Amino acid sequence: MAEQFQPTARQEIQELLLVALGAIPGALLRWQLSVLAPDRNLLANVLGSLVLGLLLGLPFRPRLQLLIGIGFCGSLTTFSSWMVDCVSLIAAGQAAAAIGLIGATLGLGLGGAALGLVLGRGVSARWLRPAEPLQSRR
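Keep in mind that what you see is a predicted model, and the values were worked out from it rather than measured.

A few words now on the packing of aromatic side chains. The full count for this structure, using the stated rule, is one aromatic pair. Ring geometry for Phe 79 versus Trp 82: centroids 5.6 Å apart, planes at 75 degrees, classification edge-to-face. By relative accessible area, which is 56% here, Phe 79 ends up exposed. The ring of Trp 127 is capped by Arg 126, whose NZ or CZ atom sits 5.6 Å from the centre of that ring.

What follows is the structure in structure tokens.
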């Protein structure tokens with residue numbers, strides 16, 4: 001049986017800081033989107049899907065995944081606000097608009113993730129060399 005990787009307290013703190021540092025700009029961007037865009041949740045979720053797809057297409061980089069994937073995209077995107085918007089539309093008698101929002105978010109989110117993946121793989125193949133994966137701690 002292979003030994004499991006046990007992170008040190010220092011590594012745990014470094015990971016926590018990476019997530020926190022990524023979350024700050026993600027939250028600020030989400031806030032600004034709410035000022036600029038009429039449907040901030042749709043825009044935030046599609047943008048987050050694009051960024052996560054791009055990250056997926058790049059070579060495995062655990063620290064980048066913590067900073068951008070969990071920190072930035074985690075604070076930028078939201079499932080709960082999207083669901084509240086859908087429920088609010090249904091409660092207001094606008095079921096068709098709610099279904100449209102669900103379809104648009106899923107369709108554009110999948111499209112954004114796919115586009116990001118293709119872009120990430122293209123960048124990776126052209127300009128980056130693969131990183132060595134770190135041992136998983138789970």
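This is not the end of the story, as more comes after the structure.
With respect to the secondary-structure elements, Thr 105 resides in helix α5 (residues 95-127). In this structure the side chain of Thr 105 is engaged in a polar contact, spanning 3.1 Å, whose partner is the side chain of Trp 82. Beyond its immediate sequence surroundings of up to four residues, Thr 105 is in contact with Leu 42, Asn 45 and Trp 82.

The next subject is the environment of Gln 4. Tracing the backbone through its elements, the reader meets Gln 4 in the segment before α1 (9-36). Residue classification places Gln 4 among the exposed positions, given a relative accessible area of 57%. With 63 residues separating them in the primary sequence, Gln 4 and Leu 67 have C-alpha atoms 23 Å apart.

Turning our attention to the packing of helix α2 (residues 40-57) against α5. Between α2 and α5, the shortest axis-to-axis distance is 6 Å and the interhelical angle comes to 30 degrees. Relative to α5, the element α2 lies roughly parallel. Crossing of α2 against α5: the hand is right-handed. Within the contact of α2 with α5, the residues separate by chemical class into twelve nonpolar, ten polar and one charged.

Positionally, Ala 92 belongs in the loop between α4 (80-91) and α5. Classification of Ala 92 as exposed rests on a relative accessible area of 55%. The spacing of Ala 92 and Ala 104 is twelve residues in sequence and 19 Å in space, taken between C-alpha atoms.

Calculation notes
- Residues numbered from 1 in each chain as written.
- Predicted model: local features only at pLDDT ≥ 70, side-chain atom pairs only at ≥ 80, totals over all residues.
- Heavy atoms only, no water.
- Phe/Tyr/Trp six-rings, centres within 6.5 Å; stacked < 30°, edge-to-face > 60°.
- Buried < 20%, exposed > 50% of the residue type's maximum accessible area, 1.4 Å probe, protein only.
- Lys NZ or Arg CZ within 6 Å of the ring centre and 35° of its normal.
- Helix = DSSP H or I, 4+ residues; strand = E, 2+ residues; numbered from the N terminus.
- Polar contact = N/O pair within 3.5 Å; in protein donor to acceptor, adjacent residues only side chain to side chain.
- Contact = heavy atoms within 4.5 Å.
- Axes fitted to C-alpha atoms, helices over the stretch in contact; angles between N-to-C directions.
- Parallel < 35°, antiparallel > 145°, perpendicular 65-115°, else oblique.
- Left-handed = near helix turned anticlockwise from the far one by under 90°.
- Nonpolar A, V, L, I, M, F, W, Y, C, P; charged D, E, K, R; others polar.

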